[in-house]
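These are the residues of each chain, in order.
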2 protein chains.
Amino acid sequence: MEDRTQLWNDLAAQIAVDSIRATAAAGSGHPTSSMSCAHLLAVLFADHLRTDVADPKAPANDRFVLSKGHAAPALYAALKAIGAIDDAQLLSLRRFGSPVEGHPAPLPAMPWIDVASGSLGQGLAVGLGLALGMRMDGAPGNAWVMLGDSEMAEGSVWEAMDAASFHRVGNLVAVVDLNRLGQRGATMHGWDAEVFLRRADAFGWSALAIDGHDVGAIDDAYRNAVADERPTLIVARTEKGHGVSFLADQPGWHGKPVPADRVEEAIDELGGVRELQITPRTPPAFTPSAIVDAQPAAPPTYDGPVATRKAFGDALTWLAGHRPDLVVLDAEVGNSTHTEDVEAVVPGRFVQLYIAEQTMIGVQTGLQAYGKTAFSATFGAFLARAFDQIRMGAISRADLRLCGSHAGVSIGEDGPSQMALEDLASMRALHGTTVLYPSDGISTVRLVEAMADLEGISYIRTTREATPRLYDEDERFPIGGSKMLAAGDQVTLIGAGVTVHQCLVAHEILGAEGISARVLDCYSVKPIDAEAIRHALHDTGVVIVVEDHRVEGGLGDAVLDALSAGPIDGRVIKLAVTQLPGSGTPEELRAWAGIDAASIATAARDSLIGRATARTE
Amino acid sequence: MEDRTQLWNDLAAQIAVDSIRATAAAGSGHPTSSMSCAHLLAVLFADHLRTDVADPKAPANDRFVLSKGHAAPALYAALKAIGAIDDAQLLSLRRFGSPVEGHPAPLPAMPWIDVASGSLGQGLAVGLGLALGMRMDGAPGNAWVMLGDSEMAEGSVWEAMDAASFHRVGNLVAVVDLNRLGQRGATMHGWDAEVFLRRADAFGWSALAIDGHDVGAIDDAYRNAVADERPTLIVARTEKGHGVSFLADQPGWHGKPVPADRVEEAIDELGGVRELQITPRTPPAFTPSAIVDAQPAAPPTYDGPVATRKAFGDALTWLAGHRPDLVVLDAEVGNSTHTEDVEAVVPGRFVQLYIAEQTMIGVQTGLQAYGKTAFSATFGAFLARAFDQIRMGAISRADLRLCGSHAGVSIGEDGPSQMALEDLASMRALHGTTVLYPSDGISTVRLVEAMADLEGISYIRTTREATPRLYDEDERFPIGGSKMLAAGDQVTLIGAGVTVHQCLVAHEILGAEGISARVLDCYSVKPIDAEAIRHALHDTGVVIVVEDHRVEGGLGDAVLDALSAGPIDGRVIKLAVTQLPGSGTPEELRAWAGIDAASIATAARDSLIGRATARTE
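Residues numbered from 1 in each chain as written. Chains lettered and ligands numbered in written order. Predicted model: local features only at pLDDT ≥ 70, side-chain atom pairs only at ≥ 80, totals over all residues. Heavy atoms only, no water.

*Asks:* Help me understand the overall build of chain A, please; the structure alone is not making it clear to me.
*Replies:* Each helix and strand counted, chain A has 22 helices and 19 strands in total. Taken against the 2.2 N^0.38 rule, which gives 25 Å for 617 residues, the C-alpha radius of gyration of chain A at 27 Å falls within 12% of a compact globule. Across its three principal directions, the C-alpha atoms of chain A cover 90 × 55 × 40 Å. Buried positions account for 70% of the 617 residues belonging to chain A. Of all intrachain contacts in chain A linking residues separated by at least 6 positions in sequence, the fraction that spans at least 24 positions is 79%. Accessible surface computed for chain A: about 18,200 Å², of which carbon and sulfur atoms make up 50%. (Helix = DSSP H or I, 4+ residues; strand = E, 2+ residues; numbered from the N terminus. Rg over C-alpha atoms; globule rule 2.2 N^0.38 Å. Buried < 20%, exposed > 50% of the residue type's maximum accessible area, 1.4 Å probe, protein only. Contact = heavy atoms within 4.5 Å. Areas by Shrake-Rupley, 256 points an atom, 1.4 Å probe, with all protein chains shown as cover.)

Encoded structure:
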């Protein structure tokens, strides 16, 4: 191979210069954090990353994740060098409407970027997901992840390290840009590469330290990392602002563009503006096995009561039987969420991540970026551990199919630490989410089936205890729909999941008293069936919304929001959890929370008295 | 010292038996996970944990955190052995109304428990916070943390390990109950204690492995750990279900009580029911320095525009000057959140945790359990990383004072990964929270002052850019209040934070057109000023709520909820972020989101047209 030293160094200087130019044009951004990794990116893009620039999602390609997302200018400069974007686009950095955003995001116009970054510590798990996806398909690629040294303080990095070595992922290479300086000064470990080598070794990785501005050393390290059968961490000692004397290793420059009156001086010191174009290495020939959906078996069905968590596992197992794109992830609770049922059928498409929810979501984000239809499941309460990863998934336009089991006070004796009580609020608030909460086995199966084809983040909330069958097998459950389970014209009871059953019992109680209550199953919390709710309020004058969730941000707020599109012609009463629960039986806790049938019936009666009074005023 | 072997073994057997009895009585729970740590707890409570049972919050006491919260029966059994609770209370495990909950919780009737556990991986950071609190006060105590082996997969554990060694915390001892079996089968590393020793060593801890059922080895390990100047990890190889042949190291018993027909057999094998009572070691004499609040200086004030994040830092610095109980935590963004201003004044009460949000909140939870008035701050977006820790803080009845800076699309060019857009929704949904969002420097200072004395979780949302002064220095801002900044009778504009200023500009625009708009500053999002909002709707017929936040779960939903307490006599229009933002200037992004003054004015005009039409129908 020819001596590429000059090219690599020229390309690194170009990346540094372009990072300075782009951030100076933007008036903000992180040039010095980009300059520290310029050589690392130059050697990677010139001679190691195998990708088809014209077809960035080709299955044979390597993939690259910039976990230190604030170094976006360096990534854009590299994308310019490989011809993915042009100089005008580079210089549109951070402008309104430009796909060259302040931190990387996989916009339609930016297909070379797989996931959004900018919340630190998340990229390694995504890289692991990409690497696992490649391995599942027998693809030849490697996943490369560039980390910053500050983010090595995030536990999520070490969680992903643990999972990567456990899964013996040989096609994952992580590079730490050890530039010593964080946002506010020195990092915890400064230039002490040994700390990270010892830790990586203890976490089962190959690890080596290099001078991150020595292109020959970088080239060797990359070559060795790819050859290594273990995941490899390259700790690259670098200088923040390298190559410009007034920036290099100087504090106080984090997130600051070079001032306009010093841009020329900085660029001159780096050898001026260059217009190098490179072609990345061609991926090896690879034809993935054709994905052929099998003929579906009959979907699961239930005659009697079943827990919706069980129906979720049944539905996934059924889907996995005919959809070879489907992958299921667990965080060591598969016997509770019932994803273990999938493991039993298709172990090769089941990924056990142990109690590591952040890694589970990161890996899922990587798997879906590689084209997999991935489901993750844990207790709804514990998805809170990965809320930032899910948030970044929304910004990544990722298709994340999530299940949170053991929802609400209805789990009973285990107590509040295990109860999902804020999950509807947090999931509803994210961009582009679908939030589902089925009440019986049949509707669960149909909603899981729908999730497999949904875009964006979809969340299904399941229940620990068995609930009675409500629907026929041929019933369909469109996203955004609802079901009227009982007609009535004096009051409407709206529930979802377990509270649908409480509403039905309340309907019976009220009916025996001559009160006619309508019952709606709002299995689709977001989008919600605004039309059915408006009609119900119009027809009955009172809507009582009952949810096994905190009173803020859940079904009740979704109903109010749906109604607020027009004048609200009646009363909306929210029954939900307003105090901190303890242990107890599901029945005791629902009664305590005021979301059981008796409480609903009382609220309905009271609402009628209120109206009668109002009418006689 | 006398030979305590017999006592320790008897006490361990009693803890195992009582765990079996309590869970059998409850019909649920985790006896086998309790039995694996019975010897570890017996030796700890009998001879190492120095505490005054009658005064569990005494500053000289050691503190104990059961990170593996599902082993709660073992903890309750130990509390019974030291006379904190009696046998009847033990047997009330998991019953409705009992303070002996399914997972530990620091209820008023359970003062020996400092924090709730049950979401794994969180206890070590809490222990670190307790240890740091002791050190700040010169107290003689140690913080002890019992971890499960499954939770060692959580990155949050390693994040806390890193922080503990960085802070050279010698009074922290962690014990891993390495019982090999997780919820669904073998853990990732089984009985391989060496893995954890290597990792702990690489993370700067002392570490040793022992047989976790050998009481002499446990005693030695505890003694050495306390003497060690470094934090120490004791990896104790144990058997799940130890001491009962049909349970010991058997799969399939996680979270299952011993069946009624085998309870006697199990208890017999453990030597029967015992009634040992022990007295923990007495803590050394220690008189903490008297906490004497200094005379407050004049609070910060501002003539012109200031960023509320700057005012937050100023307010904290001011408070720290006269409140010696105040401690401030940073996750390496103190120059953005302005907590670095506190560091400059009281470095001994500033804790730098680097980019480790989960550890920051865990440490804060520990510090407040030790009696400190602790504030944490990072970007609002990155508090999402610690959402599960904050959730557990709510269950812990912890007083956590949180600041999320850089809220909303108004941060501009950095893009969506850095924008807090779901924080109001997630913080509102938690039990007992106070959610504040000031619009100028004066109100920020007063709200931060109020937070220092608030119970529960309080959250203040601050803004990146400077905003004009709105209030006089003598204005007061009660929690749950609002301010009417402009009178008007045709339409009400409700904002908080940055949108208050947009509402005021819209008020001017509309006024010039002869439209009279009321403007409310809802600086208190939770609790919200329901009365002022109801009056506004009554007086003006239309309320337009404007927020720099997602449309779900934030200020708009809070306003709707407040109004739904009665008939909603008018229209509520929500202006909020409904699409995924990119980069841009704050002005461009507010206009794009439809939350700028022009958009508000348009919505106000449209609402009047709508009403005029409605009247002529």
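*Asks:* Mind showing me how you'd approach the sheet that holds strand β3 (residues 172-178) of chain A here?
*Replies:* The pairing of strands in a sheet happens through backbone hydrogen bonds and is either parallel or antiparallel. All names here are of chain A. If you trace the five strands from one edge of the open sheet to the other, you get β1-β2-β3-β5-β4, paired in parallel fashion. Two strands lie at the open edges of the sheet, namely β1 (63-66) and β4 (206-211), each paired on one side alone. In this sheet, adjacent strand axes meet at a mean angle of 20° when their direction is disregarded. Bridge count for strand β2 (residues 143-148) against β3 is six bridges, and the pairing is parallel. Paired with Leu147 across the strands is Val176, a residue of β3. Against the sheet, helix α6 (residues 123-137) makes contact with β1, β2 and β3, and its axis sits at roughly 175° relative to β2, the strand it touches most. (Pairing = 2+ DSSP bridges. Axes fitted to C-alpha atoms, helices over the stretch in contact; angles between N-to-C directions.)

*Asks:* How should I be thinking about the relation of the copies chain B and chain A in this particular structure?
*Replies:* Mapping between the two chain copies consists of a rotation about an axis together with a translation along that axis. Superposing chain B onto chain A takes a rotation of 180° plus a shift of 0.0 Å along the axis, which leaves an RMSD of 0.0 Å. Interpreted geometrically, this transformation is the action of a two-fold axis. Here 100% of the contact residues of chain B are again contact residues in chain A; the copies associate through an equivalent surface. (Least-squares fit on C-alpha atoms with pLDDT ≥ 70 in both.)

*Asks:* How should the pattern of salt bridges be read in this particular structure?
*Replies:* For side chains bearing opposite charge, pairing can occur when the charged atoms are close. A full pass over the atoms with the stated rule returns 77 salt bridges over all chains. Note that Lys574(B) and Asp561(A) form a salt bridge whose closest N and O atoms lie 2.6 Å from each other. With Lys574(B) in strand β19 (residues 571-577) and Asp561(A) in helix α20 (residues 555-563), the pair connects residues from two separate chains. For Lys574(B), a relative accessible area of 14% gives the class buried. (Salt bridge = Lys/Arg side-chain N within 4 Å of Asp/Glu carboxyl O.)

*Asks:* I would appreciate a short explanation of the sheet that holds strand β8 (residues 350-352) of chain B in the present structure.
*Replies:* All names here are of chain B. Judged by pairing direction, the sheet is mixed, and its seven strands sit side by side in the order β8-β7-β9-β10-β12-β11-β17 without closing on themselves. Each end of this open sheet is capped by a strand with a single partner; those strands are β8 and β17 (524-526). The sheet shows a mean angle of 20° between the axes of neighbouring strands, direction not considered. Sheet analysis places strand β10 (residues 401-405) next to strand β12 (residues 458-461), joined by four bridges and oriented parallel. Its bridge partner being in β12, Arg401 is matched across the sheet by Ser458. Strand contacts of helix α14 (residues 357-369): β7 (326-330), β9 (373-379) and β10, with the helix running at about 170° to β9, the strand carrying the most contacts.

*Asks:* I'm lost on the environment of Gly514(A) in this one. Help?
*Replies:* Its place among the elements puts Gly514(A) in the loop between α18 (498-512) and β16 (517-521). Sequence spacing of Gly514(A) and Gly553(A) is 39 residues, and the spatial spacing of their C-alpha atoms is 33 Å.

*Asks:* Honestly, unusual backbone geometry in this entry has me stumped. Any pointers?
*Replies:* Most peptide bonds take the trans configuration, and most residues that are not glycine carry a negative phi. Following Lys526(A), the chain continues to Pro527(A) via a peptide bond in cis, the omega torsion being -5°. Assignment of secondary structure puts Pro527(A) in the loop between β17 (524-526) and α19 (530-540). Positive phi outside glycine occurs at Arg180(B), with the angle close to 75°. Within the element layout of this structure, Arg180(B) appears in the loop between β3 (172-178) and α8 (193-202).

*Asks:* Would you mind showing me how to read the pairing of β9(B) here?
*Replies:* On a regular strand, each side chain points to the face opposite its neighbour's, so the side chains alternate between the two faces of the sheet. All names here are of chain B. Where burial is concerned, most of β9 is hidden: seven out of the seven residues are buried. For β7 and β9, the ladder comprises five bridges, and the chain directions are parallel. Within β9, the residue paired with Leu326 across the bridge is Thr373. Pairing analysis gives five bridges linking β9 to β10, with the strands arranged parallel. Pairing of Ser376 across the sheet is with Leu402, part of β10. Remark: the β9/helix α15 (residues 387-395)/β10 crossover connection has right-handed handedness. (Right-handed = clockwise from strand over helix to strand, strands pointing away.)

*Asks:* When you look at the pairing of strand β12 (residues 458-461) of chain A in this model, what are you seeing that I'm missing?
*Replies:* All names here are of chain A. Across the two faces of β12 the burial is the same, with Ser458 and Ile460 and Tyr459 and Arg461 all buried. Relative to β12, strand β11 (residues 434-436) is paired through three bridges, and the arrangement is parallel. Across the sheet, Leu436 pairs through a bridge with Ile460, a residue of β12. For the handedness criterion, the β-α-β arrangement of β11, helix α17 (residues 441-451) and β12 is classed as right-handed.

*Asks:* Would you mind showing me how to read the interface of chain B and chain A here?
*Replies:* How big an interface is tends to be stated in terms of accessible area lost as the parts join. Contacts between chain B and chain A engage 101 residues on the former and 102 residues on the latter. Contact between chain B and chain A buries roughly 8,500 Å² in total, counting both sides, with carbon and sulfur atoms accounting for 51%. In this assembly, chain B and chain A are joined by 18 salt bridges. Note that Arg428(B) is salt-bridged to Asp557(A), the shortest N-O span being 3.6 Å. Applying the counting rule to chain B against chain A returns 54 residue pairs in polar contact (both at pLDDT 80 or more). Here the side of chain B that touches chain A gets seven residues from one element, more than from any other, and that element is α15(B). (Buried area = accessible area lost by both parts, 1.4 Å probe. Polar contact = N/O pair within 3.5 Å; in protein donor to acceptor, adjacent residues only side chain to side chain.)

*Asks:* It is not clear to me how the side chain of Arg21(A) should be interpreted in this structure. Could you clarify?
*Replies:* Within the secondary structure, Arg21(A) is located in helix α1 (residues 5-26). Beyond its immediate sequence surroundings of up to four residues, Arg21(A) is in contact with Lys80(A), Asp87(A), Leu90(A), Leu91(A), Ile267(A) and Val273(A).

*Asks:* Looking at this model, I keep getting lost on the side chain of His39(B). Mind explaining?
*Replies:* All names here are of chain B. Its location among the elements puts His39 in helix α3 (residues 38-47). Here His39 falls in the buried class, since its relative accessible area comes to 10%. Among all residues touching His39, those that are not within four sequence positions of it are Asn9, Ala12, Gly212, His213, Val215, Ile218 and His242.

*Asks:* In this structure, what is going on with the packing of α6(A) against helix α7 (residues 155-166) of chain A? I would like to understand it.
*Replies:* For any two helices packed against each other, the geometry comes down to the angle between their axes and how far apart the axes lie. Residue and element names in this part refer to chain A. At their nearest, the axes of α6 and α7 sit 8 Å apart, and the two run at 25° to each other. Between α6 and α7, the crossing angle belongs to the class labelled roughly parallel. In the packing of α6 onto α7, the handedness of the crossing is left-handed. Of the residues in α7, those in contact with Leu124, Ala125 and Leu128 of α6 are Val157, Ala160, Met161, Ala163 and Ala164. Partitioning the contact of α6 with α7 into residue classes produces eight nonpolar, no polar and no charged. (Parallel < 35°, antiparallel > 145°, perpendicular 65-115°, else oblique. Left-handed = near helix turned anticlockwise from the far one by under 90°. Nonpolar A, V, L, I, M, F, W, Y, C, P; charged D, E, K, R; others polar.)

*Asks:* Just to check I follow, could you spell out helix α11 (residues 308-322) of chain B for this structure?
*Replies:* Residues spaced three or four apart along an α-helix point in a common direction, a consequence of the helix completing one turn every 3.6 residues. Its 15 residues place the ends of α11(B) 21 Å apart at the C-alpha level, agreeing with the 21 Å of an ideal helix rising 1.5 Å per residue. Among the 15 residues in α11(B), 13 count as buried, and that is most of the element. (Expected span 1.5 Å × (residues − 1).)

*Asks:* How should helix α9 (residues 215-227) of chain B be read in this particular structure?
*Replies:* Residues and elements named next belong to chain B. Here α9 is 13 residues long and its end C-alpha atoms lie 18 Å apart, about the 18 Å a rise of 1.5 Å per residue gives. Among all positions in α9, only Val215, Ile218, Asp219, Ala221, Tyr222 and Ala225 are buried. What you see down the axis of α9 is that its buried residues fit within an arc of 165°, all on one side. Measuring from the backbone nitrogen of Gly216 back to the side-chain oxygen at the start of α9 gives 3.1 Å, which picks out Asp214 as the cap. (Arc of directions from axis to C-beta.)

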